[in-house]
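The residues making up each chain are set out below.
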Amino acid sequence: GDSVTQMEGPVTLSEEAFLTINCTYTATGYPSLFWYVQYPGEGLQLLLKATKADDKGSNKGFEATYRKETTSFHLEKGSVQVSDSAVYFCALRGSNDYKLSFGAGTTVTVRA
Amino acid sequence: GAVVSQHPSRVICKSGTSVKIECRSLDFQATTMFWYRQFPKKSLMLMATSNEGSKATYEQGVEKDKFLINHASLTLSTLTVTSAHPEDSSFYICSARGRGWQETQYFGPGTRLLVL
């Protein structure tokens, strides 16, 4: 079945540092890939998505590129802020399904 | 984005009692609602999918009689944990999708359940 594996946290960074969260997936066909973010006390929010190979999703300074050859969708941000402290989830939706499969989440803490 | 609320945000109950969790879409009609369970440091696990006016579809391994789901209107779905046990303690999250939204879902803030 479909599955998502993302790097374990927690990750602690200083402001303006570079952030990478690795995500790899296993799926048949051509899944859509997503990054969700969960800020403290709030529900998950869609951060960005990519629906086909080589697509790059971007939002709020975050980027992720759909790499079919490496089955990866790594999340990156060049200069993080304290407000980026949150839990980040990688997810996929199978090509023949509406369900989302999530990774375990990575907690990111950015210190001033 | 659209707003989904959950009530209560946290609940503590005694073993053997039943607990109802509400999920509401506040500014759109949710034709489909999803219920997830999240264990500490684990991913969200889809428990069931409910479409308005029809029976919920449960994922493999989820007990239908244990986790009762009702989606009686286009803005409300409820999850009732019946005869709760300490192992049911978890974080329950709902999400909702409007008609024709494909993969787009909006998530509620979650409900923390502790069964003593």
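Residues numbered from 1 in each chain as written. Chains lettered and ligands numbered in written order. Predicted model: local features only at pLDDT ≥ 70, side-chain atom pairs only at ≥ 80, totals over all residues. Heavy atoms only, no water.

Participant: Honestly, the packing of aromatic side chains in this entry has me stumped. Any pointers?
Facilitator: Each aromatic ring pair is characterised by the separation of its centres together with the angle its planes make. In this structure the tally under the stated criterion is 11 aromatic pairs over all chains. When the centroid spacing of 5.3 Å and the interplanar angle of 75° are considered together, the rings of Y36 of chain A and F107 of chain B count as edge-to-face. With one member in each of two chains, Y36 of chain A in strand β5 (residues 32-38) and F107 of chain B in strand β10 (residues 106-107) form a pair that bridges those chains. With respect to class, Y36 of chain A is no different from F107 of chain B; both count as buried. Seen from their ring centres, Y36 of chain B and F107 of chain B are 5.7 Å apart, and the 35° between their planes marks the pair as tilted. Of this pair, Y36 of chain B sits in strand β4 (residues 30-38) while F107 of chain B sits in strand β10, placing them 71 residues apart in sequence. We classify Y36 of chain B as buried; its relative accessible area is 0%. When its relative accessible area of 6% is taken as the criterion, F107 of chain B is described as buried. Ring pairing ties together the aromatic residues F34, Y36, F89 and F102 of chain A together with Y36 and F107 of chain B, which thus form one cluster. (Phe/Tyr/Trp six-rings, centres within 6.5 Å; stacked < 30°, edge-to-face > 60°. Helix = DSSP H or I, 4+ residues; strand = E, 2+ residues; numbered from the N terminus. Buried < 20%, exposed > 50% of the residue type's maximum accessible area, 1.4 Å probe, protein only.)

Participant: Teacher, can you tell me more about unusual backbone geometry here?
Facilitator: What is expected of a backbone is that most residues other than glycine have negative phi and most peptide bonds are trans. In this model, G9 of chain A is joined to P10 of chain A through a cis peptide bond whose omega is -5°. Locating P10 of chain A in the fold gives a position in the loop between β1 (3-6) and β2 (11-14). In this structure, the amide linkage connecting H7 of chain B to the following residue, P8 of chain B, adopts the cis form with an omega of 0°. Structurally, P8 of chain B is set in the loop between β1 (4-7) and β2 (10-13). Positioned with a positive phi, K60 of chain A is a non-glycine residue whose angle comes to about 55°.

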